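Close look at the chain arrangement
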Amino acid sequence: LSSVTLRLGAPDPVDEATVDTSARLARARADGRGVLASDPGLVSLLFDYGRYLLVCSSRPGGLPSNLQGLWNAEMRPPWGSAYTLNINTQMNYWGAQVTDLSSRMTPLTDLTIDLAQAAAPHTRRLYDAPGWTVHHNTDLWLYSTTPGRGAGDPRWSFWPLGGAWLATLLTESWEFGAASVDDLDRVWPTLRGAAEFALVWHHDDGTSPATSPENAFLTDDGRSASLARTSTMDLALVRSVLTRTVRAAHVLGRQDDDIARASAARLVDLPDQPSVTEDGTVVEWDAARPEEDPHHRHVSALFGLFPGEERWDARRRAAAAATLERRGDDSSGWSLVWKLALWARLGRPERVGALMELALRDAEQVTGPWAGGLYPNLFAAHPPFQIDANLGFVGAVSEALLQSHDGIRLLPALPEELADGSVTGLIARPGIAVDIEWLNGRLVSARLRARHERAAGSHTVHWGDRRLTVRIDTTHDTVLDALSFPTEEVSP
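Residues numbered from 1 in each chain as written. Predicted model: local features only at pLDDT ≥ 70, side-chain atom pairs only at ≥ 80, totals over all residues. Heavy atoms only, no water.

**Some remarks on the overall build of the protein**
In plain terms, the rule: Helix and strand labels come from DSSP, where a helix needs a run of H or I of at least four residues and a strand needs a run of E of at least two; each type is numbered from the N terminus. Within these notes, the globule rule equals 2.2 Å times the number of residues to the 0.38 power, and the radius of gyration is based on C-alpha atoms. Whether two residues are in contact is decided by their heavy atoms: any pair within 4.5 Å suffices. Per-residue accessibility takes into account occlusion by the displayed protein chains alone, with areas from the Shrake-Rupley method and a 1.4 Å probe. For this count, His and the chain ends are skipped, Lys and Arg are scored as positive, and Asp and Glu as negative. Taken as the charge location is NZ of Lys, CZ of Arg, CG of Asp or CD of Glu.
Within the protein one finds 15 helices and 13 strands. The C-alpha atoms of the protein give 22 Å as radius of gyration, which agrees with the globular expectation for 492 residues (23 Å, within 12%). Projecting the C-alpha coordinates of the protein onto the three principal axes gives extents of approximately 60 × 50 × 50 Å. Put simply, 64% of the contacts in the protein that link residues at least 6 apart link residues at least 24 apart. Within the structure as shown, the protein displays about 19700 Å² of accessible surface, and the carbon and sulfur contribution to it stands at 50%. Placing the 46 positive and 63 negative side-chain charges of the protein at their respective mean positions leaves the two points 2 Å apart.

**A few points about the environment of Leu 252**
Heads up, the condition is: Buried, partly exposed and exposed residues are distinguished by accessible area as a fraction of the type maximum, computed with a 1.4 Å probe on protein chains only: under 20%, between the cut-offs, and over 50%, respectively.
Here Leu 252 lies in helix 10 (residues 232-252). The class of Leu 252 is buried, set by a relative accessible area of 18%. Placed 72 residues apart in sequence, Leu 252 and Ser 180 show a C-alpha to C-alpha distance of 11 Å. Apart from residues lying up to four places away in sequence, Leu 252 is in contact with Val 181, Leu 184, Asp 185 and Trp 188.

**A word on the packing of helix 13 (residues 333-345) against helix 15 (residues 388-401)**
Stated formally: For helices, the axis comes from a line fit to the C-alpha atoms of the stretch in contact; other axes are also lines fit to C-alpha atoms, and the angle between any two N-to-C directions lies between 0 and 180 degrees. Here roughly perpendicular refers to angles of 65 to 115 degrees, roughly parallel to angles under 35, roughly antiparallel to angles over 145, and oblique to all remaining angles.
Where helix 13 contacts helix 15, the two axes come as close as 9 Å, and the packing angle between them is 10°. Put simply, helix 13 runs roughly parallel to helix 15. Along the contact surface, helix 13 presents Gly 333, Trp 334, Val 337, Leu 340, Ala 341, Ala 344 and Arg 345, while helix 15 presents Asp 388, Ala 389, Gly 392, Phe 393, Ala 396, Glu 399 and Ala 400.

**A closer look at the pairing of strand 1 (residues 5-8)**
Residues in a regular strand project their side chains so that they alternate between the two faces of the sheet. For clarity, the threshold we go by: Whether two strands pair comes down to DSSP finding at least two bridges between them.
Of the two faces of strand 1, only the one carrying Leu 6 and Leu 8 is buried; Thr 5 and Arg 7 on the other face are not. As judged from the four bridges shared by strand 1 and strand 8 (residues 421-428), these two strands associate in the antiparallel manner. If you follow Leu 6 over to strand 8, its bridge partner there is Val 423.

**Notes on the packing of helix 3 (residues 41-57) against helix 15**
Heads up, the rule is: Here a crossing is called left-handed whenever its near helix is offset anticlockwise from the far helix by less than a right angle, and right-handed whenever the offset is clockwise. Gly is put with the polar residues, along with every residue not named as nonpolar or charged; the nonpolar set is Ala, Val, Leu, Ile, Met, Phe, Trp, Tyr, Cys and Pro, and the charged set is Asp, Glu, Lys and Arg.
With their axes 8 Å apart at the nearest point, helix 3 and helix 15 run at an angle of 125° to one another. Considering their axes alone, helix 3 and helix 15 lie oblique with respect to each other. Helix 3 and helix 15 meet at a crossing whose hand is left-handed. Within the contact between the two elements, helix 3 uses Val 43, Leu 46, Phe 47, Tyr 49, Gly 50, Arg 51, Leu 53, Leu 54 and Ser 57 and helix 15 uses Asn 390, Leu 391, Phe 393, Val 394, Val 397 and Ser 398. Residues that form the contact of helix 3 with helix 15 fall into these classes: 10 nonpolar, four polar and one charged.

**Some remarks on the pairing of strand 10 (residues 442-450)**
When strand 9 (residues 432-439) meets strand 10, the two strands line up antiparallel, connected through eight bridges. Bridging across to strand 10, Glu 437 finds its partner in Ser 445. Where strand 9 folds back on strand 10, the antiparallel hairpin that results is connected by two residues, among which Asn 440 adopts a positive phi of roughly 55°. Two elements, strand 10 and strand 13 (residues 478-480), share three bridges in a ladder whose sense is antiparallel.

**A short note on a nonpolar patch on the surface**
Threshold: A patch is a set of surface residues, each over 30% in relative accessible area and not in a salt bridge, joined within 9 Å for like charges and within 5 Å for the nonpolar side chains Val, Leu, Ile, Met, Phe, Trp and Tyr. The salt bridge criterion pairs a side-chain nitrogen of Lys or Arg with a carboxyl oxygen of Asp or Glu, the two atoms within 4 Å.
The grouping of Leu 63, Leu 140 and Trp 141 at the surface amounts to a nonpolar patch, some 370 Å² of accessible area in total. For Leu 63, the location among the structural elements is in the loop between helix 3 and strand 2 (83-84). Leu 63 sits in the partly exposed class, given a relative accessible area of 44%.

**A word on the sheet that holds strand 11 (residues 457-463)**
Taken together, four strands build an open sheet; the order of strands is 6-7-11-12 and the sheet is mixed. Every interior strand has two partners, whereas the edge strands, strand 6 (402-403) and strand 12 (466-472), have only one. Here strand 7 (residues 408-410) runs beside strand 11; their pairing, made up of three bridges, is parallel. Counterpart to Arg 409 in the pairing with strand 11 is His 462.

**Points about the packing of aromatic side chains**
Heads up, the rule is: Ring pairs shown here join Phe, Tyr and Trp side chains whose ring centres sit within 6.5 Å, with only the six-membered ring taken for Trp; geometry is labelled stacked below 30 degrees between planes, edge-to-face above 60, and tilted in between.
Following the criterion strictly, the structure yields 12 aromatic pairs and no others. Considering the side-chain rings of Trp 165 and Phe 303, the 5.1 Å spacing of their centres and the 80° angle between planes classify their relative orientation as edge-to-face. Linking Trp 165 in helix 7 (residues 162-168) with Phe 303 in the loop between helix 11 (258-269) and helix 12 (314-327), this pair joins segments that are 138 residues apart in sequence. Phe 303 shares its class with Trp 165; the two are buried. Where Phe 197 meets Trp 201, the ring centres are 5.6 Å apart and the plane angle is 15°; that geometry is what we call stacked. Residue Phe 197 and its partner Trp 201 are located together in helix 9 (residues 181-201), separated by four residues, close to a single helical turn. By the burial criterion, Phe 197 is buried, and Trp 201 matches it. Here the aromatic cluster, defined as three or more aromatic residues joined through ring pairs, consists of Tyr 49, Trp 71, Phe 379 and Phe 385.

**Structural notes on helix 9**
Stated formally: One less than the number of residues in a helix, times 1.5 Å, gives the span that helix is expected to have. Throughout, bend refers to the angle between the axes fitted to the seven residues that end at a position and the seven residues that start at it.
The end-to-end C-alpha distance of helix 9 is 29 Å, a good match for the 30 Å that 21 residues give at a rise of 1.5 Å each. Of all the bends in helix 9, the greatest, near 45°, is centred on Trp 188, and the proline Pro 189 appears no more than four residues after it. Along helix 9, the residues classified as buried are Leu 184, Val 187, Trp 188, Thr 190, Leu 191, Gly 193, Ala 194, Ala 195, Phe 197, Ala 198, Leu 199 and Trp 201. Tucked inside the fold, the buried residues of helix 9 contact helix 5 (106-127), helix 7, helix 8 (172-175), helix 10 and helix 11.

**A few points about the pattern of salt bridges**
Scanning the model with the defined rule gives 33 salt bridges in all. One salt bridge in this structure joins Asp 31 and Arg 33, with 2.8 Å as the shortest N-O distance. Residue class for Asp 31 comes out partly exposed when judged on its relative accessible area of 21%. When the shortest N-O distance is used, the salt bridge between Arg 124 and Asp 128 registers 3.5 Å. Here Arg 124 falls in the partly exposed class, since its relative accessible area comes to 43%. Among the residues examined, Asp 128 registers a relative accessible area of 60% and is labelled exposed.

Geometry only, nothing functional implied.
In structure tokens:
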């Protein structure tokens, strides 16, 4: 854990070694300025805590972190303390690569490889399709058929893109410079199999029948429905798994593989950005449809923006912001964290700060069926308890400090309450170690070094609306400060 350190606020604003955390939280919550302004170090504490929880609950040679991590206390836990694959399991690992915990991805990679083998015959039986897929739920026994025993509501029982989402994580260690070519070769058959299914499942420009996880819309006669010709998330996931298959094939010298060639060809026809409704929000299904619940906790239509890596234009980014505004900030813990990460990806520090405040609330004082916050032991509320918000919070905070899906972006969404601080040991794609220090919201220094020769070379670095191209290598630090960037504003 010592490889990454995050300090926020003035040095030692409280004596963290002697002040009880509950008392510290109570004091900050009672401050009229807000928790972040009162004690920004609480964000650092929750960040460190999340990394610690991932280290504990996802150990090489063991099982991945599930809905409650290692901390399920019930014989019949909520949702079986299993792996929910339409957001929660993946969120557990959002902070792994960027905070140098790539080894903690190993259990999920191992499970995915085993799951693909178990799922292949079920995929053939259910869909008469090659490759493999799973749905929104699995467990350590590699459950891969549709949940609900044939009687579940399609909004949660039918979603055959869980395999595609898991497969997109298989190449992340390579993308962040923590895996070798041999590691990439090991996951290739599993990635290829997910792409093989996606190529069949995507047909006639859609993925019919399709759902958008756990959400529903209203038909013309006012009835609730969840099946459509396609969904924005489906298309984004198909695009994502095919893109990663093509990239991996290039690295491994398998460009002539039939699935790699078919994936490259299909990507030409797939839209690379979502549609926008007349009211300026992102289309969620095959067309603009009235939501049954405009404040639904899942924001699946925004997958391409985050955790995806799509480069949305200004119109789509504005539509994403409008969608988040329509959904509202308050929700269950994991939904808060997803929205927090999305606002960070959009470069909206004021919204990042607002959602951090909600995440730091006292869960025992919050009402509502999906209200988030923290219990006294700092576990995040769903409610009931799930570990995903704690683990996902690490990735969301990191996203506000460093982004690398489109160049290296320093402090892209830093809330004004966190105007002073430093972070060391973050990792940017394709394997750049990054230390950052800032004061009054202004960059003091950034130190960048390539972790290996593959990551060395010219990189575009952004700070605010300015950018420059620098050489980063493995032998010495490239050191930047605010004066390193052009004085005139340059559009990112």
